[in-house]
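Remarks on the overall topology
Each chain, written out:
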Amino acid sequence: MGGWAIAVHGGAGVDPNLPKERQEEAKRLLTRCLHIGISALRSNLPAIDVVELVVRELETDPLFNSGRGSALTEKGTVEMEASIMDGPKRRCGAVSGLTTVKNPVSLARLVMDKTPHSYLAFAGAEEFARKQGVELVDNDYFITEDNVGMLKLAKEANSILFDYRIPTLGTCGGGAAMESPIQMNGLPISVYAPETVGCVVVDKEGRCAAATSTGGLMNKMTGRIGDSPLIGSGTYACDLVGVSCTGEGEAIIRSTLAREVAAVMEYKGLSLHEAVDYVIKYRLDEGKAGLIAVSKNGEVACGFNTTGMFRGCATEDGFMEVGVW
Amino acid sequence: MGWAIAIHGGAGDIPLSLPPEKRLPREAGLRRCLDVGIAALKSRNHPLDVVELVVRELENHPNFNAGKGSVLTTTGTVEMEACIMDGKTMKCGAVSGVSTVVNAISLARLVMEKTPHIYLAFDGAEAFAREQGLETVEMSHFITPENIERLKQAQEADRVQIDYTQPIQKEAPKDAALADGDSQIGTVGCVAVDNEGNLATATSTGGLVNKMVGRIGDTPVIGAGTYANYLCAVSATGRGEAIIRGTVARDVAAVMEFKGISLKEAAAYVIDRVPQGTAGLIAVSSTGEIAMPFNTTGMFRACATEDGYSEIAIWDSPSK
């Protein structure tokens, strides 16, 4: 017990027919991010800095759904959101509706560190970014060909699509293996968020931190906010634990999933692993989601009720694992 | 068991010396809105309809910080947010950055019922409102002279605070917005339970005086300012940033469930753990209990139960 621990994720809900090459690519990225985090931890960077660093890497790589490679809104644009939380004093920062900020998680950090607020969105957030001199790019930068293809499919199917459907095949092979369109808020659309990214870390001093970043739901209405920037839903960190969630945004919000892990540890005295299992099993109802978590004691855990979750974790004693299923 | 309802018009540093011309209209507003809620419950309306109806009334009332009477952003504009949640189904809806919609709470309800999403904000929310044919007006409709004055004082205080190192609160006129942007009005909210244990909550606000454009507070963040499940319905008010960090509304229900304590005990427990002077909340439980704790100087509030009890208060009884 004790020592540092880190976990990263690239989203819950994976197409069972995902080509091997894509799986390998994902694992390579997760491994690379773990190594970045591990290096930082060995250099004694505090947890809050490590989660930001790792999520920046995930945002910059176009593979998962955050920063470059974000899912597209119904208008074909990108609107990104992120949040970050520092366990020790539960300081937090969040942003939504970003269209030109290269690294949303870093802007969330600036909201936390440089404003009297916790959450900035849309034009106000972009203006703040400009004033802070963070790196800005055109909205085009974030848009990938893959996702343009995905959006088209989503519109044809007139449903919300989950990521990693194979664009070229046009068969529903991947989709059929998953559930048929699920009811969400009473509407017959298939609900599956494309792959959000996140990182949770506990450093040598036992400080926990968490960060989550995403482009959101493919074909979402403009202005739609999901769970990733909502403290207590997609992201949470306190003295005991750091948590980052991914999956059906609306389900994660309803179940305040990230806070739930901490609450059962705090109020029911469950261990990290027990808490994660309990929350995934009993708190999601019909919802599909996954999460990664670390405890102040250097433990790391992940749980998901989806078919697969891109994830990786490592602890100071040398343990390291990257997985998809 | 019977129905129960509680409403609030904001927690904050409400001075005990609040002059009658400021106090009476607010008390009258609380009375009227409470009566609207009571009538709706007596007519067997579902709590979800009741809380929306009551919050619409509170939004229309110019003396509370929601809808008309919303506080202003640092550029003098209005950016409203609202949230509604049904305890039984756990369905919810939220909006932020709304500047022309007369009743933001109704927009939040439409997001919940007419979209596959929970939360819409800014341009997207405004566009959706128009698609749905909701009543929209010029932003000036929401702006009151009181709030123009509040913003002016908040900005002056900020400016002075840069020049001097001591806190400005002591020198500020009692009625003014304080240097940190706080003022004696907060947010509005309503929680209700019917005699079948159906629970609902609704919260609406203009946010923080002099807030940065684009700032989102606790109100639309499920689990922070607003939350309902099978146990209770909660609406919080106060310093948004503290309520978010403290996941206040969610914690009341969590503490009830995990510690097995009553609503009153859970609500008091949660308010105690948020920094002094930052929060208050109203809550009802599935068994008709009511709690209205706050750790600020005061909280505009009112409640009523089917057995005929009713109360309107601003200060005192912090454990209620």
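Residues numbered from 1 in each chain as written. Chains lettered and ligands numbered in written order. Predicted model: local features only at pLDDT ≥ 70, side-chain atom pairs only at ≥ 80, totals over all residues. Heavy atoms only, no water.

An unreviewed UniProt entry lists chain B under the name beta-aspartyl-peptidase, with Hibiscus trionum as the source organism. Listed under Subunit (unreviewed entry) in UniProt, the entry text for chain B is "Heterotetramer of two alpha and two beta chains arranged as a dimer of alpha/beta heterodimers." (UniProt positions renumbered as here; feature names shortened; annotations may be inferred.)

Taking an unreviewed UniProt entry as the reference, chain A is identified by name as beta-aspartyl-peptidase belonging to Hibiscus trionum. Listed in UniProt under the heading Catalytic activity (unreviewed entry), the comment for chain A reads: "Cleavage of a beta-linked Asp residue from the N-terminus of a polypeptide." Of the comments in the UniProt record for chain A, the one headed Subunit (unreviewed entry) reads "Heterotetramer of two alpha and two beta chains arranged as a dimer of alpha/beta heterodimers."

All names here are of chain B. In the predicted model, chain B carries a mean pLDDT of 91, and the fraction of residues at 70 or more is 90%. pLDDT under 50 marks residues 160-182. Its contacts with residues more than four places away, or in other chains, come to 28 contacts. With a pTM of 0.92, the predicted complex shows an ipTM of 0.91. (pLDDT = per-residue confidence, 0-100. Contact = heavy atoms within 4.5 Å.)

Moving on, we come to the pattern of salt bridges. Opposite charge on two side chains permits them to pair, given that their charged atoms come into close proximity. Residues and elements named next belong to chain A. Under the criterion given, the structure shown has 33 salt bridges over all chains. For Arg28, the salt bridge goes to Glu21, with nearest N and O atoms at 3.3 Å. A residue is classified by how much of its surface remains accessible, and Arg28, at 49% relative accessible area, is partly exposed. With relative accessibility at 48%, the residue Glu21 sits in the partly exposed group. Among the salt bridges present, the one from Asp113 reaches Arg109, with a minimum N-O distance of 3.1 Å. Highlighted residues: Asp113 and Arg109, both in helix 3 (residues 104-114), separated by four residues, approximately one helical turn. Asp113 gets classed as partly exposed once you look at its relative accessible area, which sits at 35%. Each of Asp49, Glu52, Asp86, Arg91, Arg109 and Asp113 takes part in salt bridges that share partners, so that together they form one network. (Salt bridge = Lys/Arg side-chain N within 4 Å of Asp/Glu carboxyl O. Buried < 20%, exposed > 50% of the residue type's maximum accessible area, 1.4 Å probe, protein only. Helix = DSSP H or I, 4+ residues; strand = E, 2+ residues; numbered from the N terminus.)

Another point: the packing of helix 8 (residues 257-268) of chain A against helix 7 (residues 248-259) of chain B. Two elements in contact, helix 8 of chain A and helix 7 of chain B, have axes separated by 10 Å at closest approach and are oriented at 40°. Comparing the axis directions of helix 8 of chain A and helix 7 of chain B gives the class oblique. In the crossing of helix 8 of chain A with helix 7 of chain B, the sense of the turn from one axis to the other is right-handed. When helix 8 of chain A is examined against helix 7 of chain B, the residues A:Arg259, A:Glu260, A:Ala263, A:Val264, A:Tyr267 and A:Lys268 are found in contact with a partner set consisting of B:Arg250, B:Asp251, B:Val255, B:Phe258 and B:Lys259. Here the residues of the contact of helix 8 of chain A with helix 7 of chain B sort into five nonpolar, no polar and six charged. (Axes fitted to C-alpha atoms, helices over the stretch in contact; angles between N-to-C directions. Parallel < 35°, antiparallel > 145°, perpendicular 65-115°, else oblique. Left-handed = near helix turned anticlockwise from the far one by under 90°. Nonpolar A, V, L, I, M, F, W, Y, C, P; charged D, E, K, R; others polar.)

Positive phi, close to 70°, is recorded for A:Asn219, a residue that is not glycine. Considering the arrangement of structural elements, one finds A:Asn219 in the loop between strand 8 (208-214) and strand 9 (224-225).

The mixed open sheet is built from nine strands, whose spatial order is 9(A)-4(B)-3(B)-2(B)-6(B)-5(B)-1(B)-11(B)-12(B). Each edge of the sheet is formed by a strand with only one pairing partner; in this case those strands are strand 9 of chain A together with strand 12 (310-313) of chain B. By the bridge criterion, five bridges tie strand 2 (residues 80-86) of chain B to strand 3 (residues 92-98) of chain B in an arrangement that is antiparallel. Within the sheet, the bridge partner assigned to B:Ile84 lies in strand 3 of chain B and is B:Gly93. Across the sheet, helix 2 (residues 47-60) of chain B is in contact with strand 1 (4-12), strand 2, strand 5 (188-193) and strand 6 (199-205) of chain B; its angle to strand 5 of chain B comes to roughly 155°. Contacting strand 2, strand 3, strand 4 (119-121) and strand 6 of chain B, helix 3 (residues 104-114) of chain B crosses the sheet at an angle of about 130° to strand 3 of chain B. (Pairing = 2+ DSSP bridges.)

This part covers the UniProt feature "active site" (unreviewed entry) in chain B. Residue and element names in this part refer to chain B. When the UniProt feature table is mapped onto this chain, "active site" (unreviewed entry) is found at Thr187. Its place among the elements puts Thr187 in the loop between helix 5 (145-163) and strand 5. With near-sequence residues (within four places) excluded, Thr187 lies in contact with His8, Gly9, Gly10, Asn65, Thr203, Ser204, Thr205, Thr219, Ala236 and Thr237.

Within the element layout of this structure, A:Glu52 appears in helix 2 (residues 47-60). Looking at A:Glu52, the relative accessible area reads 14%, which means it is buried.

Let us now look at the environment of A:Ile280. All names here are of chain A. Tracing the chain through its elements places Ile280 in helix 9 (residues 272-282). Overall, the relative accessible area of 9% leaves Ile280 in the buried class. Here the alpha-carbon distance between Ile280 and Glu299, two residues 19 residues apart in the chain, equals 18 Å. Filtering out sequence-adjacent residues up to four positions away, Ile280 remains in contact with Ala289, Gly290, Leu291, Gly303, Phe304 and Asn305.

Let us now look at the packing of aromatic side chains. Applying the stated criterion across every chain yields a total of six aromatic pairs over all chains. With centroids separated by 5.4 Å and ring planes inclined at 35°, the aromatic side chains of A:Phe122 and B:Phe122 adopt a geometry described as tilted. Placement of A:Phe122 in helix 4 (residues 122-132) and of B:Phe122 in helix 4 (residues 122-131) is noted, with the two residues assigned to different chains. Across the pair, exposure class does not vary: A:Phe122 and B:Phe122 are buried alike. With centroids separated by 6.4 Å and ring planes inclined at 65°, the aromatic side chains of A:Tyr267 and B:Tyr269 adopt a geometry described as edge-to-face. You can see A:Tyr267 sitting in helix 8 and its partner B:Tyr269 sitting in helix 8 (residues 263-272), one on each of two chains. According to the relative accessible area criterion, A:Tyr267 is buried, its value standing at 10%. (Phe/Tyr/Trp six-rings, centres within 6.5 Å; stacked < 30°, edge-to-face > 60°.)

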